[in-house]
Amino acid sequence: MNVAVIGRGLIGGSIEKAALRAGHAASVFRGRGPVPDLGAFDLVFVAVPPEAIPALVDAIAEKGNLKDGAIVVDIAGIKRPICAALAKYAKETRWHFVAGHPMAGKEKVGYENAVPNLFDGASMSLTPFPETPQTVLATVDAVFRALGFGRIVITDPAHHDEMIAFTSQLCHLISSAYVREPLSVSHAGYSAGSFRDMVRVGAPEPDTWTQLFFDNRDALLPVLDRYLARLRDFREALADDDRARLHRALETGVVAKAKIDEENITL
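Residues numbered from 1 in each chain as written. Predicted model: local features only at pLDDT ≥ 70, side-chain atom pairs only at ≥ 80, totals over all residues. Heavy atoms only, no water.

Student: Before we go on, may I ask you to explain the environment of Lys106 in this structure?
Tutor: The topology assignment puts Lys106 in the loop between strand 5 (96-103) and strand 6 (123-126). In this structure, the C-alpha to C-alpha distance between Lys106 and Val201, residues 95 residues apart in sequence, is 8.7 Å. Among all residues touching Lys106, those that are not within four sequence positions of it are Leu10, Asn113, Val115 and Leu118. (Helix = DSSP H or I, 4+ residues; strand = E, 2+ residues; numbered from the N terminus. Contact = heavy atoms within 4.5 Å.)

The structure is reproduced here in structure tokens:
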């Protein structure tokens, strides 16, 4: 398969390298400037910032040189605005658009940090249009598994964005707040795995993540509010010297963690 990647960031570069490792032909293009000639490609990944994706897909469609049966896939971390803007292509039959989001990343971004094994064992979330043919989804599934993904999840844009608000965006907000504690600079000799886990995503790139948080804020705010309520429960129990209340809150967490473990979910 001949694969094109538009966007020379961490994810785009890693898709290129993973495709080459899988034996596909792969070319990577910058996400700025004129749309490249894509007539030779079977699969086109659009790996640019979310706000730029609809205009870029429109430009690809307007250029009109996609081959018959070509599949265009975006990799943005939010799906509702992109799927809404590109729903006009849902019934396109000459080529197909499928919205996607790879659940993988690194603290260091940029093409220079791209690696072929970034997606090994990771999940790939797809939010196809109802009209998308099953044959197209089967092709995309096979390609992503060849790139190393261990799980392909088919969902709708609203559920995707709600889940990402919890599993990704809330984690980045918590970590960003955590690393700003004045005691953090003196952690050496007092920290271990818990500290490392909490600070790992504590420095999200401000331009990108500000946009992502605001794009998904109606899904993120309820998740954040529920989290803050649970923190207030802990604080009030401590402030009121209420050991029973604190114990109940911790027990609730133990039960919730056990339910997660029962699912045997591999991250």
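Student: Teacher, can you tell me more about the sheet that holds strand 4 (residues 71-74) here?
Tutor: Remark on secondary structure: sheet strands pair via backbone hydrogen bonds, oriented parallel or antiparallel. Within the open sheet, the 7 strands sit side by side as 2-1-3-4-5-6-7. Their pairing is mixed. Each edge of the open sheet carries a strand with a single partner, namely strand 2 (25-29) and strand 7 (151-154). Averaged over all pairs of adjacent strands, the angle between their axes in this sheet comes to 25 degrees, without regard to strand direction. Alignment of strand 5 against strand 6, held across 4 bridges, turns out to be antiparallel. Bridging across to strand 6, Met103 finds its partner in Ser123. Across the face of the sheet, helix 1 (residues 10-21) comes into contact with strand 1 (2-6), strand 2, strand 3 (43-46) and strand 5 while running at roughly 165 degrees to strand 2. (Pairing = 2+ DSSP bridges. Axes fitted to C-alpha atoms, helices over the stretch in contact; angles between N-to-C directions.)

Student: Help me understand the environment of Pro102 in this model?
Tutor: With respect to the helices, strands and loops of the structure, Pro102 is situated in strand 5. A relative accessible area of 4% places Pro102 in the buried class. Between the alpha carbons of Pro102 and Ala18 there is a distance of 13 Å; along the sequence they are 84 residues apart. Residues within four places of Pro102 in sequence aside, it is in contact with Ile11, Ile75, Phe119, Ser123, Met124 and Phe149. (Buried < 20%, exposed > 50% of the residue type's maximum accessible area, 1.4 Å probe, protein only.)

Student: Help me understand the packing of aromatic side chains in this model?
Tutor: Where two aromatic rings form a pair, the distance of their centres and the angle of their planes describe that pair. Going through the model one piece at a time under the given rule, you end up with 8 aromatic pairs. Connected via pairs of aromatic rings, a cluster forms that spans Phe45, Phe119, Phe144 and Phe149. In this structure, Arg8 packs its charged tip against the face of Tyr111, placed 4.0 Å from the ring centre. (Phe/Tyr/Trp six-rings, centres within 6.5 Å; stacked < 30°, edge-to-face > 60°. Lys NZ or Arg CZ within 6 Å of the ring centre and 35° of its normal.)

Student: Can you walk me through the pattern of salt bridges in this structure?
Tutor: Any two side chains of opposite charge can pair, given that their charged atoms come close. Inspection of every chain in the model, using the stated rule, returns 11 salt bridges. Among the salt bridges present, the one from Arg80 reaches Asp218, with a minimum N-O distance of 3.0 Å. Remark: Asp218 occurs in helix 8 (residues 217-239) and Arg80 occurs in helix 3 (residues 80-85); sequence separation between them is 138 residues. Overall, the relative accessible area of 25% leaves Arg80 in the partly exposed class. The partner of Asp261 in a salt bridge is Lys257, and the shortest N-O contact between them spans 2.9 Å. Taken as a pair, Asp261 and Lys257 lie in helix 9 (residues 243-262) at a separation of 4 residues, close to a single helical turn. A relative accessible area of 41% means that Asp261 is categorised as partly exposed. Owing to a relative accessible area of 46%, Lys257 belongs among the partly exposed residues under this scheme. Residues joined by salt bridges that share partners form a network here, namely Arg80, Asp161 and Asp218. (Salt bridge = Lys/Arg side-chain N within 4 Å of Asp/Glu carboxyl O.)

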